[in-house]
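Examination of the molecular architecture
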Amino acid sequence: MKAVLTVIHVIVCIALIAVVLMQHRKSGGFTGAFGSGTQADMSGNGTWQRMSGLHKATAGLIAAFMVLSILQLIIR
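Residues numbered from 1 in each chain as written. Predicted model: local features only at pLDDT ≥ 70, side-chain atom pairs only at ≥ 80, totals over all residues. Heavy atoms only, no water.

A look at the overall build of the chain
Test applied: Going along the chain from the N terminus, every DSSP run of H or I of four or more residues is numbered as a helix, and every run of E of two or more is numbered as a strand. Only protein chains enter the area calculation, which uses a 1.4 Å probe; residues under 20% of their type maximum are buried, those over 50% are exposed, and those in between are partly exposed. For this analysis, residues touch if any pair of their heavy atoms sits within 4.5 Å. Here the Shrake-Rupley method, with its probe set to 1.4 Å, supplies the accessible areas, and only the displayed protein chains count as covering residues.
Along its length, the chain carries four helices and zero strands. Reading the secondary structure of the chain in the N-to-C direction produces α-α-α-α. Considering the chain as a whole, with its 76 residues, one finds that 13% of them fall into the buried category. Summarising the internal contacts of the chain: among those between residues at least 6 apart in sequence, 86% fall at separations of at least 24. For the chain, the exposed area adds up to about 6000 Å²; of that, 71% sits on carbon and sulfur atoms.

So, in structure tokens, the structure goes:
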């Protein structure tokens, strides 16, 4: 079981690295990387619909990474 989780975890890590590297760089430089927008920009109304496919894939892979990390911690 541990070996299967480890293989899946490595695949998710490689996919996450690839998806992050494919994304466009924000124009704001260092401050833009941490979301220098206003609170009105992040009101939550349709945020998921406005996200690109790469951003949605990144969010899904991050969630999978966290779940797999917790599962590996519990199984060990």
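Points about the nonpolar core
Let me state the cut-off plainly: Here the nonpolar core consists of buried residues drawn from Ala, Val, Leu, Ile, Met, Phe, Trp, Tyr and Cys, with membership extended through side-chain atoms lying within 4.5 Å.
In terms of nonpolar packing, the biggest core is built from six residues, these being L5, V12, L16, V19, L61 and L68. Mapped by element, the contributors of at least two residues to this core are α1 (2-22) and α4 (53-75). Among the elements that line this core, the one with the most residues is α1, at four residues. In contact with L68, other than residues within four places in its own chain, are L5, I8, H9 and V12.

A word on α1
What counts here: In this analysis, the expected span of each helix is defined as 1.5 Å times one less than the number of residues it contains. Directions pointing from the helix axis toward each C-beta atom define the arc.
Its 21 residues place the ends of α1 30 Å apart at the C-alpha level, agreeing with the 30 Å of an ideal helix rising 1.5 Å per residue. Buried within α1 are the following residues: L5, H9, V12, L16 and V19. Projected onto a plane normal to the axis of α1, the buried residues spread over an arc of 95 degrees and lie on a single side. Opposite the buried face of α1, at more than 90 degrees from it, the exposed residues are A3, V7, I11, I14, I17, L21 and M22. Those residues of α1 that are buried are in contact with α4.

Concerning α4
In this model, α4 (23 residues) spans 33 Å end to end at C-alpha, consistent with the 33 Å of a helix rising 1.5 Å per residue. For α4, the secondary structure elements touched by its buried residues are α1.

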